[in-house]
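# Inside the fold
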Amino acid sequence: NNSEINVAKCYYKMERFKEALKIFKALIEKYPQSEIAEESFLWLGDHFLESLDFDSAIGYYKKFLEEFSNSERKNIVLYHLAESYDGKEEYDEAV
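These numbers come from a predicted model, not from an experiment.

## Some thoughts on the overall build of the protein chain
Each helix and strand in the protein chain was counted, giving six helices and zero strands. Helices and strands in the protein chain line up, N terminus first, as α-α-α-α-α-α. For the protein chain, whose C-alpha radius of gyration is 13 Å, the value lies close to the compact-globule estimate of 12 Å for 95 residues. Principal-axis analysis of the C-alpha atoms places the extent of the protein chain at approximately 40 × 30 × 15 Å. Sequence separation of 24 or more characterises 42% of the internal contacts of the protein chain that already satisfy a separation of 6 or more. Of the roughly 6000 Å² of accessible surface on the protein chain, 50% is carried by carbon and sulfur atoms. Taking the 12 positively charged and 20 negatively charged side chains of the protein chain as two groups, their mean positions are separated by 8 Å.

## Considerations on the packing of helix α3 (residues 35–50) against helix α4 (residues 54–67)
Running from N to C, α3 and α4 cross one another at 160°; their axes reach a closest spacing of 7 Å. The orientation of α3 with respect to α4, classified from their angle, is roughly antiparallel. Relative to α4, α3 is oriented so that their crossing is left-handed. Taken together, the residues of α4 that come into contact with α3 (itself represented by Glu-38, Phe-41, Leu-42, Leu-44, Gly-45, Asp-46, Phe-48 and Leu-49) are Phe-54, Ser-56, Ala-57, Tyr-60, Tyr-61, Lys-63, Phe-64 and Glu-67. Its residues assigned to classes, the contact of α3 with α4 comprises ten nonpolar, two polar and four charged.

## Brief notes about the packing of aromatic side chains
Applying the stated rule across the entire model yields seven aromatic pairs. Taken together, a centroid distance of 5.7 Å and an interplanar angle of 5° make the contact between Phe-48 and Tyr-60 stacked. Residue Phe-48 is located in helix α3, and its partner Tyr-60 is located in helix α4; the two are separated by twelve residues in the primary sequence. For the pair formed by Phe-48 and Tyr-60, the shared burial category is buried.

So, how was this worked out
Residues numbered from 1 in each chain as written. Predicted model: local features only at pLDDT ≥ 70, side-chain atom pairs only at ≥ 80, totals over all residues. Heavy atoms only, no water. Helix = DSSP H or I, 4+ residues; strand = E, 2+ residues; numbered from the N terminus. Rg over C-alpha atoms; globule rule 2.2 N^0.38 Å. Contact = heavy atoms within 4.5 Å. Areas by Shrake-Rupley, 256 points an atom, 1.4 Å probe, with all protein chains shown as cover. Lys, Arg positive; Asp, Glu negative; His and termini not counted. Charge placed at Lys NZ, Arg CZ, Asp CG, Glu CD. Axes fitted to C-alpha atoms, helices over the stretch in contact; angles between N-to-C directions. Parallel < 35°, antiparallel > 145°, perpendicular 65-115°, else oblique. Left-handed = near helix turned anticlockwise from the far one by under 90°. Nonpolar A, V, L, I, M, F, W, Y, C, P; charged D, E, K, R; others polar. Phe/Tyr/Trp six-rings, centres within 6.5 Å; stacked < 30°, edge-to-face > 60°. Buried < 20%, exposed > 50% of the residue type's maximum accessible area, 1.4 Å probe, protein only.

Put into structure tokens, the structure is as follows:
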């Protein structure tokens, strides 16, 4: 529910990444196909992109696109996915 994702966001903003990531992952399992899962995938992908762990970021962004292909956030995810491939210097995949 919303309070659970808010706790994860608070942990994240406090730079307690391990706790935040654990909650985001649990929310995906607990509430699949929900807006909470959708948002959790984004937070996870963005975290790994910012951490320069491009393979993990790509995995979360691709999973987001599989699960939420009609999302309003799809273009944002596609952009971040391209940034992840760019970070890996896999330019053909980035386009």
